[in-house]
Every structure is written in structure tokens, then in C-alpha cells.
Amino acid sequence: MADMSGKICVVTGATNGIGKVTALELAKMGATVIVVGRSAERTESVVKEIQQASGNNAVEALLADLSVQAQVRELAAAIQRKYEHLDVLVNNAGGMFLRREETADGIEMTWALNHLNYFLLTNLLLDTLKRAPAARIVNVASDAHEGGKIQFDDLAFKQRRYGWMVAYAQSKLANIMFTYELARRLNGTNVTANTLHPGFVNTNFGANNGTLARIAKVVMRPLALSPEQGASTIIYLASSPEVEGTTGQYFVKCKPHRSSKASYDEAVQRRLWRVSEEMVGLPVTA
């Protein structure tokens, strides 16, 4: 187990599943852990649970609905007000939506929560990460990206029929392409960026989709990993000395792995970056 004493870590989507396990294990290693969740009651309960299980009181809650850009900005500002630097950012919060929904910003929900959330929060916190001796960004993706394509002409599914798996695959491909472009842009800095597939994990992920989705999860449960198994690669990338300095890689089961052929297209990565800047209101870069 790595010693994370003195390290400050943010974990989004940390009130259940692999995010919760990640926050707990980092706390056990001695880190200061910021648990990000949507529900005040649930988030405070998880913080107390982690404090008790880890024996570490340096665990706190911050609230944000990360599908809403104003709340992502408020979260980043709250972190920056309290902490001079940040050592680890784990972008884990995400979702799967059987029916097309739009956020408060009028953006298709899967894209907003799974990709733009990662993109905006990371960019807002970059200066804070750069003030750490050696910072790490860990973006949770999925092997579902292998069937994905970034449909720039209709990211919001307004012209084509919405398909939840198509939307999810597109967002997870975006996670990986964002990570590769981010790592390139951070070349020569003290910040690394890596991404991963956690495996098919038995969690509450997708439980928002009603009875049919819950039945499917029960049927598939015998094939699923435990949250502890699913979180292992996240924890490894966030804390292990073995990957210090490693950047721009996709990991499966704590090992570097080739992502889809489409994910390595640098022209698409750059275009995705520019489009994402426009969608979240950041200055558009070259």
C-alpha cells in the first residue's frame, strides 16, 4: 500500500461503487480525500463511513451535480479556496441513460455528464494540480468506447435516433481521446493523465433507468466484478509509485492496454478539445 500522507485527492462520483471504494482506499493510505456527490445526506453519510473505516478524519464532502456546468465551476472554486494545490483528481462520476434527456444547460445528458464534466473540471483545476510536486489525473472510461465514434455533426442526438449505448460509447471514447490530448498538452509539466477500463462492476450504476435495467443487472450480476475489484486500477493509477511519470496511457487490470484504433486519431482529439471548449465556455485554443 502506497503512502499518500500529505496528498490531497478529489474523487467524483464517490458516494457509491468504485468511486466510494477509491475514496476509502486513498483515505486508508493517509490522503486528504474530497468526496464529491450530489446528495448532501448521502455524501455526508459516506464521509463518516470512510472516516470510521479508515481511521482518517481528513475526509470531507463537497456537493455538485456535475451535469450542470455552473455547479462544476462552483466545485472547482470551492476546492481552490481551501487548497493551495491538488495531488490527485479522479474523474469518475458518470451515468447511462436509456432515454434522451437534457441538462439544465440544454446539453444531452450522457455527453454532459460523462465527458464535459471531466473536461471542464479538469481544465478549471489544472493550475491547482500544477502546484503539486507531482500530480495525477485519472479518467475512468470503459471498454464500451471500442464501439464509439465522435459524431461531431450531431453530438446531441437531435438529428439521429437516440440510442443509449451509442451515446454511452461516444462519451467513453471522448474520455480516452480527451486523456490523450490532455497528456500531450501537459508534456513537460509535473502533471500526468491516464485513463482506464474498470471492468463490468456490480454497482448501482444505471439504476436510474427503471425496472428493466435493474432486472438486467440482476441477471448479469454473477459475471460482474466487485466494486473493490473494479476500483483496483483507479487506485493503482492514483497512488502507485510504479506509474509515477507515466502519462497518456489506457489501462486495464493495472496494465497498459491498446484502446480502439479510432481513439488514437490526433486530428479528432484536437477537434474534440476545441468543440468541448466551446460547449463549456472556455477560451478556444489552437
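Rules and cut-offs
- Residues numbered from 1 in each chain as written.
- Predicted model: local features only at pLDDT ≥ 70, side-chain atom pairs only at ≥ 80, totals over all residues.
- Heavy atoms only, no water.
- Helix = DSSP H or I, 4+ residues; strand = E, 2+ residues; numbered from the N terminus.
- Rg over C-alpha atoms; globule rule 2.2 N^0.38 Å.
- Buried < 20%, exposed > 50% of the residue type's maximum accessible area, 1.4 Å probe, protein only.
- Contact = heavy atoms within 4.5 Å.
- Areas by Shrake-Rupley, 256 points an atom, 1.4 Å probe, with all protein chains shown as cover.
- Lys, Arg positive; Asp, Glu negative; His and termini not counted.
- Charge placed at Lys NZ, Arg CZ, Asp CG, Glu CD.
- Axes fitted to C-alpha atoms, helices over the stretch in contact; angles between N-to-C directions.
- Parallel < 35°, antiparallel > 145°, perpendicular 65-115°, else oblique.
- Left-handed = near helix turned anticlockwise from the far one by under 90°.
- Nonpolar A, V, L, I, M, F, W, Y, C, P; charged D, E, K, R; others polar.
- Pairing = 2+ DSSP bridges.
- Phe/Tyr/Trp six-rings, centres within 6.5 Å; stacked < 30°, edge-to-face > 60°.
- Lys NZ or Arg CZ within 6 Å of the ring centre and 35° of its normal.
- Right-handed = clockwise from strand over helix to strand, strands pointing away.

Chemist: What is the right way to look at the overall build of the chain in this model?
Modeler: When helices and strands are tallied, the chain shows 8 helices and 8 strands. A globule of 286 residues ought to have a C-alpha radius of gyration of about 19 Å, and the chain, at 18 Å, matches this closely. With respect to the principal axes defined by its C-alpha atoms, the chain has extents near 50 × 45 × 35 Å. Counting only residues that meet the buried cut, the chain has 56% of its 286 residues in that class. Taking contacts inside the chain between residues at least 6 apart in sequence as the whole, the part at least 24 apart equals 75%. For the chain, the accessible surface area stands at approximately 12800 Å², while carbon and sulfur atoms represent 51% of it. Measuring between centres, the 31 positive side-chain charges of the chain sit 4 Å from its 27 negative side-chain charges.

Chemist: Looking at this model, I keep getting lost on the packing of helix H3 (residues 69-82) against helix H4 (residues 109-130). Mind explaining?
Modeler: Helix-helix packing: each pair is described by the crossing angle between the helix axes and the interaxial distance. Relative to each other, H3 and H4 sit at 25°, their axes nearing to 10 Å. Classified by the angle their axes make, H3 and H4 are roughly parallel. Crossing geometry of H3 relative to H4 is assigned as right-handed. Residues Gln-69, Val-72, Arg-73, Leu-75, Ala-76, Ile-79 and Gln-80 of H3 touch H4, and the partners they reach there are Leu-116, Asn-117, Leu-120, Leu-121, Leu-124, Leu-125 and Thr-128. Tallied by class, the residues present in the contact of H3 with H4 amount to 9 nonpolar, 4 polar and 1 charged.

Chemist: Please explain the sheet that holds strand E5 (residues 135-140) as it appears in this structure.
Modeler: Picture the strands of a sheet paired through backbone hydrogen bonds; they go either parallel or antiparallel. In spatial order, the strands read E3-E2-E1-E4-E5-E6-E7-E8; together these 8 strands make up an open sheet with mixed pairing. The open sheet terminates on both sides in strands that have one partner only, identified here as strand E3 (59-63) and strand E8 (255-256). By the bridge criterion, 2 bridges tie strand E7 (residues 250-252) to E8 in an arrangement that is antiparallel. Along E8, the bridge assignment pairs Phe-251 with Pro-256.

Chemist: For this particular structure, what's the right way to read the packing of aromatic side chains?
Modeler: We describe a pair of aromatic rings using the distance from one ring centre to the other and the angle between the two ring planes. Here the structure, examined in full by the defined rule, presents 6 aromatic pairs. Through pairs of rings, three or more aromatic residues link up here, namely Phe-119, Phe-178 and Trp-273. Here Arg-160 stacks its cationic end above the ring of Phe-157, 3.8 Å away from the centre of that ring. Stacked on the ring of Tyr-264, the Lys or Arg Arg-258 has its end atom at 4.1 Å from the ring centre.

Chemist: For this particular structure, what's the right way to read the pairing of strand E2 (residues 32-37)?
Modeler: Along a regular strand, successive side chains alternate from one face of the sheet to the other. When you tally the buried positions in E2, you get 5 out of 6 residues, the bulk of the element. Direction of pairing for strand E1 (residues 8-12) relative to E2: parallel, over a ladder of 5 bridges. If you follow Ile-8 over to E2, its bridge partner there is Thr-32. One crossover worth recording links E1 to the parallel E2 by way of helix H1 (residues 17-28), and it is right-handed.

Chemist: Looking at this structure, how should I read the packing of helix H5 (residues 164-185) against helix H8 (residues 266-280)?
Modeler: Where H5 meets H8, the closest approach of the two axes is 9 Å, and the angle between their N-to-C directions is 90°. Judged by the angle between their axes, H5 and H8 are roughly perpendicular. Contacts from Ala-174, Met-177, Phe-178, Tyr-180, Glu-181, Leu-182, Arg-184 and Arg-185 in H5 reach Glu-266, Val-268, Gln-269, Arg-270, Leu-272 and Trp-273 in H8. In terms of residue class, the contact of H5 with H8 is made up of 8 nonpolar, 1 polar and 5 charged.

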